[in-house]
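Now for the letters of each chain:
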Amino acid sequence: MPSNNPGPAPDSKASFLLTTLRCRCPRCGIGRLYKNLLEIRPACGSCGLDFRQVDTGDGAAAGVIMVLGAFIVALAFWVEFRFNPPLWVHAILWPVVTIPLAIWLIRLAKAALIAQQYRYRSSEMGL
């Protein structure tokens, strides 16, 4: 009985972990994945892989918001009950910690979703 999962793309050379952590093209591992902070490039500058058909949806953002939100709230409670700082410390500290961490984690999550889509559903990317 044939499987619905075709397995990794045959010309896949780049490591999933390295391409995700470095936010690189899932085919060659060289070209940059992002044009700016969170916007995906139209194509890889190195191998020409077309990223216009990539569909990460809201999965990366939703997952990061849920997990990071729970972590930051728990950390804020710990800081409050352990050190009892004035309110302005919370107002300064948590945006400074949360915003860069959220952006970094969303970049990683989107890169992972793109690499997985390339490896296991490359037909959806027009390949």
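Counting restarts for each chain, with residues numbered from 1 along the sequence as it is written. Local features in this predicted model are restricted to residues of pLDDT 70 or higher, and side-chain atom pairs are both shown and tallied only at a pLDDT of 80 or more, whereas totals for entire chains, interfaces and linings draw on every residue. Only hydrogens and water are set aside; all other atoms, that is, all heavy atoms of the structure, feed into the side-chain values.

Caption draft 1: Highlighting the confidence of the model for the protein. A residue's pLDDT is the predictor's confidence in that residue, given on a scale from 0 to 100. Predicted confidence across the protein gives a mean pLDDT of 89, with 88% of residues reaching 70 or more. Strands here are runs of E lasting at least two residues and helices are runs of H or I lasting at least four, both read from the DSSP assignment and numbered beginning at the N terminus. Here helix α1 (residues 16-22) is the element of the protein with the lowest mean pLDDT, 94, and helix α2 (residues 59-83) is the one with the highest, 96.

Caption draft 2: Examining the packing of aromatic side chains more closely. Centre distance within 6.5 Å is the pairing criterion for rings of Phe, Tyr and Trp, where only the six-membered ring of Trp is used; planes under 30 degrees apart are then read as stacked, over 60 as edge-to-face, and the remainder as tilted. One pass over the structure, following the stated rule, counts 2 aromatic pairs. Considering the side-chain rings of Phe77 and Phe81, the 6.0 Å spacing of their centres and the 5 degrees angle between planes classify their relative orientation as stacked. Of the two residues, Phe77 and Phe81 are both situated in helix α2; the distance of 4 residues between them amounts to about one turn of the helix. Measuring from centroid to centroid gives 5.3 Å for Trp78 and Phe83, while their planes differ by 90 degrees, and the two rings are edge-to-face. Categorising residues by exposure relies on relative accessible area from a 1.4 Å probe, with only protein chains included: less than 20% of the type maximum marks a residue as buried, more than 50% marks it as exposed, and the intermediate range marks it as partly exposed. Under the relative-accessibility criterion, Trp78 is labelled partly exposed at 46%.

Caption draft 3: Local environment of the nonpolar core. Judged by nonpolar contacts, the single largest core of 14 residues is most densely connected at Leu33, Tyr34, Ile40, Leu49, Phe51 and Met125. Apart from residues lying up to four places away in sequence, Phe51 is in contact with Cys25, Pro26, Arg32, Leu33, Ile40, Arg41, Pro42, Ala43, Cys44 and Met125. What we call a nonpolar core is a set of buried Ala, Val, Leu, Ile, Met, Phe, Trp, Tyr and Cys residues that are connected through their side-chain atoms within 4.5 Å. Counting 10 residues, the second largest nonpolar core, distinct from the first, contains Val64, Ile72, Val79 and Ile106. Residue contacts are counted whenever heavy atoms from the two residues lie within 4.5 Å of one another.

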